[in-house]
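Each chain, letter by letter, is given below.
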Amino acid sequence: MLKKDFKIFDKDYVYLDSAASAQKPQVVLDRLVHFYQNDYANVHRGSCHLALQATEQYENARHIVADFIHADFNEIVFTKGATEAINLVAASYAKTLKKGDEVLVCVAEHHANFVPWQQACVQSGATFKTFDVMDNGTWDLNDFKKQLSKHTKLVAVAQISNVLGVQNPVEKVVQLAHEVGAKVMVDAAQSVTHLPINVKDLNCDYLAFSGHKIYGPNGIGVLYGKGEVLTELKPYQFGGDMVDKVTIEKTTFADVPARFEAGTPPIANAIGLAEALQYVSQIGWDKIQKNEQKVFAALVSGLKQIDEIEFLGDPDLKTGLVAFNVKGIHADDLNLILAKENVCVRVGHHCAMPIHERFGVKSSLRVSLGLYNDQEDIKVFIQALHKAIGFFK
Ligand code: PMP
């Protein structure tokens, strides 16, 4: 529906890999060029017109991001991506967790919301625990309750897994975690492109996402931290712009969020991200979701007609992405044929090995949608998939 906004689709790509990274609308590219051509300078430092202008635009981007997820302005930290946002929080926990404390994550987490917590436990002597999913791909809430304890200090979960695609009941888990005094990190790297996020409703303590998956530039991400909770975190990196006062004896740190943005930040990328969020808001979630549901239904219906397909989880419970294998054919082999047909999908473990192991497979083929995908894309993909299966049968 919106392909015209994306120059890349002037060429004949069927792009079904937006869960890995989304294409960029021209308005975002134009915004970046305009900023570099007209307004560029470092932020929070100079006092010339350009420096003030750049600072204003950078901080305005923070307001736009905050509004987009219903946060307050000073609850938004710019990072280089979701991975860095999660590492920032995990590095602080690595310093404060103790032996006997526990961190609980879902087995379906992307490595970005799994390994940093595992490492924080290795470094601190705390215990790293996981909870399971059901065969249909939904969270096993009984297992979650079993694993949660008064020792749990942090729960880390994705709102939508990049393999299972299910919209998870984050509010419920936040409530249960808070009852035992644990904080909750929500990985919104996938969900941010499929549904409106309201951190106040979620009541989570931290939330992370990347700009590049929501039609923004690479190299920019967001960490949301709830008011007081963010203030309690230890600084992640040290250097310019994150300090209050530096003497030979000691350093005191700036208030949040500056405390977590050491060095020159990704200025243009933050401004580009804000443009992308405005682009999404202008189209509106209603229109985006209606189109996505139609296109996704066509995708699932086409896949279900292929007997050899084995889904990871129930395809009818998914939002915007589906992962599967074709019995007897390696996903890499299928991808060779799909690539020849100009169809871009993702094959592998999608940086989520534990959930593949949980389903007894090493890899899968993942198809994921962006707001630009249409029924024609699905038609071409399903035809190409039939061709690929026919080739290897
Ligand atoms: N979490 C999930 C669910 C993801 O899908 C991804 C990206 N594939 C990440 C975290 C990490 O995002 P990034 O690589 O942009 O830091």
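Everything below is about the structure shown above.
Conventions we followed
Residues numbered from 1 in each chain as written. Predicted model: local features only at pLDDT ≥ 70, side-chain atom pairs only at ≥ 80, totals over all residues. Heavy atoms only, no water. Helix = DSSP H or I, 4+ residues; strand = E, 2+ residues; numbered from the N terminus. Rg over C-alpha atoms; globule rule 2.2 N^0.38 Å. Contact = heavy atoms within 4.5 Å. Areas by Shrake-Rupley, 256 points an atom, 1.4 Å probe, with all protein chains shown as cover. Lys, Arg positive; Asp, Glu negative; His and termini not counted. Charge placed at Lys NZ, Arg CZ, Asp CG, Glu CD. Buried < 20%, exposed > 50% of the residue type's maximum accessible area, 1.4 Å probe, protein only. Pairing = 2+ DSSP bridges. Right-handed = clockwise from strand over helix to strand, strands pointing away. Axes fitted to C-alpha atoms, helices over the stretch in contact; angles between N-to-C directions. Parallel < 35°, antiparallel > 145°, perpendicular 65-115°, else oblique. Nonpolar A, V, L, I, M, F, W, Y, C, P; charged D, E, K, R; others polar. Patch = residues over 30% accessible without salt bridge, like charges linked within 9 Å, V, L, I, M, F, W, Y side chains within 5 Å. Salt bridge = Lys/Arg side-chain N within 4 Å of Asp/Glu carboxyl O. Left-handed = near helix turned anticlockwise from the far one by under 90°.

> For the overall build of the protein chain, give the residues involved together with the corresponding values.
A tally of helices and strands in the protein chain yields 13 helices and 15 strands. In terms of overall dimensions, the protein chain is globule-like: its C-alpha atoms have a radius of gyration of 22 Å, near the 21 Å expected for 393 residues. Considering only C-alpha atoms, the protein chain reaches an extent of 70 × 55 × 35 Å along its principal axes. Considering only intrachain contacts with a sequence separation of at least 6, the fraction spanning at least 24 residues in the protein chain is 70%. As displayed, the protein chain has an accessible area near 16,700 Å², and 51% of this comes from carbon and sulfur atoms. Side-chain charges in the protein chain split into 40 positive and 46 negative, and the spacing between the mean points of these groups amounts to 3 Å.

> Tell me about the environment of His111, and name the residues and values.
If you trace the backbone, His111 turns up in the loop between strand E3 (102-106) and helix H4 (115-124). Once the C-alpha coordinates of His111 and Leu2 are considered, the two residues, 109 residues apart in sequence, prove to be 32 Å apart. Apart from the residues lying within four places of it in its own chain, the contact partners of His111 are Pro116, His349, Cys351, Ala352, Met353 and Pro354.

> Lay out the pairing of E3 in plain terms, naming residues and giving numbers.
The buried count for E3 comes to 5 of 5 residues, which makes it a mostly enclosed element. As paired strands, E3 and strand E4 (residues 127-131) are joined by 5 bridges and run parallel to one another. By the bridge assignment for E4, Leu104 is matched with Lys129. Regarding the hand of the β-α-β motif, the stretch spanning E3, H4 and E4 is right-handed. Pairing analysis gives 4 bridges linking E3 to strand E5 (residues 152-158), with the strands arranged parallel.

> Describe the packing of helix H1 (residues 26-39) against helix H2 (residues 49-68), with residues and values.
Running from amino to carboxyl end, H1 crosses H2 at an angle of 155°, the nearest separation of the two axes being 10 Å. The orientation of H1 with respect to H2, classified from their angle, is roughly antiparallel. Across the interface between the two elements, Arg31, Phe35, Asn38 and Asp39 from H1 touch Leu50, Gln53, Ala54 and Gln57 from H2. Across the contact of H1 with H2, the residue classes tally to 3 nonpolar, 3 polar and 2 charged.

> Summarise a nonpolar patch on the surface; cite the residues concerned and give the values.
Taken together, the side chains of Phe238, Val243, Val246 and Phe253 present a nonpolar region at the surface, about 360 Å² in accessible area. For Val246, the position within the fold is in strand E9 (residues 243-246).

> Go over the pattern of salt bridges, please, and point to the residues and values.
As enumerated under the stated definition, the model contains 19 salt bridges in all. With its nearest N and O atoms 2.8 Å apart, the salt bridge here joins Asp377 to Lys3. Taken together, the residues Asp377 in helix H13 (residues 375-392) and Lys3 in the segment before strand E1 (14-15) connect sequence positions 374 residues apart. With respect to class, Asp377 is no different from Lys3; both count as buried. Put simply, Glu261 and Arg62 hold a salt bridge, and the shortest N to O gap is 2.7 Å. Taken together, the positions of Glu261 in the loop between strand E10 (251-253) and helix H9 (267-283) and Arg62 in helix H2 put the pair 199 residues apart, joining distant regions of the chain. With respect to burial, Glu261 and Arg62 carry one shared label: buried. Salt bridges sharing common partners tie together Lys3, Asp374 and Asp377.

> So what's going on with the packing of helix H10 (residues 285-304) against H13? Residues and values would help.
Between H10 and H13, whose axes approach to 9 Å, the crossing angle comes to 15°. It follows that H10 is roughly parallel to H13 by the angle criterion. For the crossing formed where H10 meets H13, the hand is right-handed. On H13, the residues touching Lys294, Val295, Ala298, Leu299, Gly302 and Leu303 of H10 are Gln375, Ile378, Phe381, Ile382 and Leu385. Each residue belonging to the contact of H10 with H13 can be placed in one class, and the counts come to 8 nonpolar, 2 polar and 1 charged.

Keep in mind these numbers describe shape, not what the thing actually does.
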